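# Overview (structure and organization)
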Amino acid sequence: MKYTEQHEWLDEDEGIVTVGITAHAAEQLGDIVFVELPEVGSEVSKDDEVVVIESVKAASDILAPLDGEIVEVNDPLTDDPGKVNEDPEGEAWFFKIRVEDLSELDDYMTEAEYKKFIS
Amino acid sequence: MSDLKRTGLYDLHLELGAKMVSFAGWEMPVQYPMGVLKEHLHTRADAGLFDVSHMGQIILRTDPAALEALVPVDVIGLPEGRQRYALFTNDEGGILDDLMIANRGDHLFVVVNAAMAEQDVAHLRRALGDAVEPVTNRALLALQGPKSEDVLAEITPSVVTMRFMDVAVVDSDFGDLWISRSGYAGEDGFEISVADDRAEVLARALLAHPSVAPIGLGARDSLRLEAGLPLYGSDLDTTTTPVEADLGWAIQKVRRTARTGFPGAHTILNQLSHGPARRRVGLAPKGRAPMRAGVELFANDTDQTPVGHITSGAFGPSVEAPISMGYVATEHSAPGTLLYGELRGKRLPVAVTALPFRPATYKR
């Protein structure tokens with residue numbers, strides 16, 4: 001598992017990276033009331049805004065952490081955005097991205113580094 | 001946050017685990033550990049306790065006619081023991097602030113918005129001079145929700161006889177309480193002014209009741225939005241008139257026909273007769289995406305010229321949908337009219353709706 005400074009977690013399995021936000025981020029955002037997911041099949045570049053989430057307070061974006069193709073999105077989140085608060089690092093992942101160059105993952109933090117980053 | 005003012009309940013907020021934010025020059029609780037959504041729903045189901053001590057409390061030892069000259073509201077005819085919603089207007093008919101005016105027999109008592117309090121006191125002093133006495137040693141609590149009466153009656157039983165917008169001064173174990181049956185959540189409830197040195201014990205006594213939870217500014221905002229109530233600084237300002245703001249109901253007939261001497265009367269009375277060019281309306285986005293302040297509204301999905309804009313928007317926890325309010329040109333203001341809000345470069349449908357989003361439950 002890798003972590004970004006934007007509080008995303010990245011879970012790689014055979015070239016497909018599942019992306020969600022950390023429990024820390026979910027708590028900071030407060031109650032999440034809206035999630036807009038990207039289209040399956042879309043090609044994205046690192047730092048593209050791919051997901052919009054809105055809490056009761058404000059809207060925020062989730063950026064693509066890597067270049068690649070969106071191969072799956074977590075559709076049930078659209079109808080049940082509160083899931084992001086309940087299980088951010090489990091069931092409430094946002095999208096899966098097929099990545100060409102997995103070495104890009106090396107730039108991101110380990111769990112220990114992330115814990116230090118948010119402390 | 002060292003320059004910010006703190007209310008007498010600051011330590012209690014921290015003890016209750018509040019997240020504190022800067023608001024109108026004050027350091028205020030935006031939410032408690034329960035979170036905004038649950039705080040909102042708790043207030044609608046039981047009772048919520050809000051610290052609104054940041055709002056301005058002012059005593060006016062003056063003839064009601066002197067205050068009436070500053071507002072388009074019937075102050076002379078306000079009976080003793082009653083309160084009324086009012087607006088300070090300027091000569092152009094714009095709104096300087098909204099406020100509550102209570103007749104307490106030998107004086108008037110007004111409550112104004114925190115951010116406008118200094119300006120309001122100066123405005124009042126220019127007209128009323130030494131008759132203006134800002135109250136600097138009292139906190140203000142709001143207890144809102146269907147269980148409010150049961151809870152407050154345990155402290156002061158006489159509140160059960162109060163109707164919506166009644167005011168009373170009652171003696172209690174917490175000193176004299178200035179109580180009004182009112183609030184800004186669209187719920188039955190009370191606002192309670194209490195001496196600073198008794199505020200924390202009163203708040204603790206109310207919170208000890210199983211029906212009561214502390215509620216922050218976050219839920220206060222979503223509650224008032226569902227109730228269709230405008231917020232000064234967001235939905236009302238000096239560029240909006242009471243008629244445009246759909247607050248014509250606050251201008252009693254006597255101020256339209258006889259005692260018409262108030263700032264901006266020419267513009268306001270003209271708009272009352274002929275209709276304003278734009279109007280504050282409710283707006284229901286069709287999808288799940290909230291449309292917040294600043295979103296521009298269009299008559300269709302191609303026009304370049306907006307027909308209005310949103311001034312408040314959020315997710316409405318009780319209506320379980322995004323809700324907004326804003327101003328639209330009168331020809332687009334009929335409930336049911338479909339408009340488009342421009343959100344992140346996309347035009348998304350939004351329906352004009354009647355306000356409130358949720359009927360109020362005041363005890364008339």
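Everything numeric here is computed off the predicted structure, so don't read it as measured data.

Rules of the game
Residues numbered from 1 in each chain as written. Chains lettered and ligands numbered in written order. Predicted model: local features only at pLDDT ≥ 70, side-chain atom pairs only at ≥ 80, totals over all residues. Heavy atoms only, no water. Helix = DSSP H or I, 4+ residues; strand = E, 2+ residues; numbered from the N terminus. Rg over C-alpha atoms; globule rule 2.2 N^0.38 Å. Buried < 20%, exposed > 50% of the residue type's maximum accessible area, 1.4 Å probe, protein only. Contact = heavy atoms within 4.5 Å. Core = buried A, V, L, I, M, F, W, Y, C linked by side-chain atoms within 4.5 Å. Pairing = 2+ DSSP bridges. Axes fitted to C-alpha atoms, helices over the stretch in contact; angles between N-to-C directions. Lys, Arg positive; Asp, Glu negative; His and termini not counted. Salt bridge = Lys/Arg side-chain N within 4 Å of Asp/Glu carboxyl O. pLDDT = per-residue confidence, 0-100. Phe/Tyr/Trp six-rings, centres within 6.5 Å; stacked < 30°, edge-to-face > 60°. Buried area = accessible area lost by both parts, 1.4 Å probe. Nonpolar A, V, L, I, M, F, W, Y, C, P; charged D, E, K, R; others polar.

Attention now moves to the overall build of chain B. Each helix and strand counted, chain B has nine helices and 19 strands in total. Taken over the C-alpha trace, chain B has a radius of gyration of 20 Å; the compact-globule value for 364 residues is 21 Å, and the two agree within 12%. Here the C-alpha coordinates of chain B stretch approximately 65 × 50 × 40 Å along the principal axes. A total of 364 residues make up chain B; the buried ones form 59% of that total. Taking the contacts inside chain B whose residues are at least 6 apart along the sequence as the reference set, 65% of them involve residues at least 24 apart.

In globular proteins that are soluble, nonpolar side chains generally tend to be buried together. Of all hydrophobic cores here, the largest spans 37 residues; its most connected members are B:Phe109, B:Leu283, B:Leu297 and B:Leu339. Every residue in contact with B:Leu297, bar those within four places of it in the chain, is listed here: B:Leu283, B:Pro306, B:Val307, B:Gly308, B:His309, B:Ile310, B:Tyr327, B:Val328, B:Leu339, B:Tyr340, B:Gly341 and B:Val350. Grouped together as the second largest cluster of nonpolar side chains are 27 residues, A:Val51, A:Ala64, A:Val73 and A:Phe94 included.

This part takes up the sheet that holds strand E15 (residues 296–298) of chain B. Residues and elements named next belong to chain B. With antiparallel pairing, the six strands of this closed barrel are ordered in space as E14-E17-E16-E15-E18-E19. Averaged over all adjacent pairs, the angle separating strand axes in this sheet is 45 degrees, with direction ignored. Relative to strand E16 (residues 308–316), E15 runs antiparallel, the two being bridged by two bridges. The partner of Glu 296 across the bridge, within E16, is His 309. On top of the sheet, helix H7 (residues 217–226) reaches E16 and strand E17 (321–329); it is set at about 115 degrees to E16, its chief contact.

This part is about the pairing of strand E9 (residues 138–144) of chain B. Residues and elements named next belong to chain B. Taken across its seven residues, E9 has seven buried, putting it largely inside the fold. Across four bridges, the pairing between strand E3 (residues 47–51) and E9 is antiparallel. Pairing of Gly 48 across the sheet is with Gln 144, part of E9.

What follows is about the side chain of B:Arg220. All names here are of chain B. When you line up the elements, Arg 220 lands in helix H7. One buried charged residue, Arg 220, remains without a salt bridge, the closest side chain of opposite sign being Glu 191 at 4.7 Å. Arg 220 has contacts with Phe 50, Val 52, Met 55 and Tyr 184, leaving out every residue within four places of it along the chain.

When pLDDT is averaged across chain B, the result is 97; 99% of the residues are at 70 or more. This complex was scored by the predictor with a pTM of 0.92 and an ipTM of 0.80.

Let's shift gears to unusual backbone geometry. Residues and elements named next belong to chain B. With omega at 0 degrees, the peptide bond leading from Leu 355 into Pro 356 counts as cis. Its place among the elements puts Pro 356 in the segment after strand E19 (346–353). Even without being glycine, Met 165 reaches a positive phi, approximately 75 degrees. Accessibility expressed as a relative area gives 11% for Met 165, which makes it buried. Notably, Glu 320 is not glycine yet its phi reads approximately 55 degrees, a positive angle. Looking at where Glu 320 falls in the secondary structure, it is placed in the loop between E16 and E17. Looking at Glu 320, the relative accessible area reads 64%, which means it is exposed.

Another point: the packing of aromatic side chains. Scanning the entire structure with this criterion turns up five aromatic pairs over all chains. Between A:Tyr3 and A:Tyr114, the aromatic rings sit 4.9 Å apart at their centres with planes inclined by 15 degrees, giving stacked as the arrangement. One end of the pair, A:Tyr3, is in strand E1 (residues 2–3); the other, A:Tyr114, is in helix H4 (residues 111–118), with 111 residues separating them in the sequence. With relative accessibility at 5%, the residue A:Tyr3 sits in the buried group. Ring geometry for B:Tyr85 and B:Trp249: centres 5.4 Å apart, planes at 25 degrees, overall stacked. Within this pair, whereas B:Tyr85 is found in strand E5 (residues 83–89), its partner B:Trp249 is found in the loop between H7 and helix H8 (253–257), the two being separated by 164 residues in sequence. In this structure B:Trp249 comes out as exposed when scored by relative accessible area, which is 58%.

A separate point is the interface of chain B and chain A. With 12 residues of chain B at the interface, the matching set in chain A holds 16 residues. Here chain B and chain A share an interface that buries about 1,200 Å² over both sides, 49% of which is from carbon and sulfur atoms. Three residues, B:Arg288, B:Arg292 and B:Arg344, lead the burial of chain B against chain A; their summed loss comes to 46% of the area buried on that side. Viewed at the interface, chain A and chain B are joined by three salt bridges. Here B:Lys346 makes a salt bridge to A:Glu36, at a shortest N to O gap of 3.3 Å. Here the side of chain B that touches chain A is built from residues that sort into five nonpolar, two polar and five charged.

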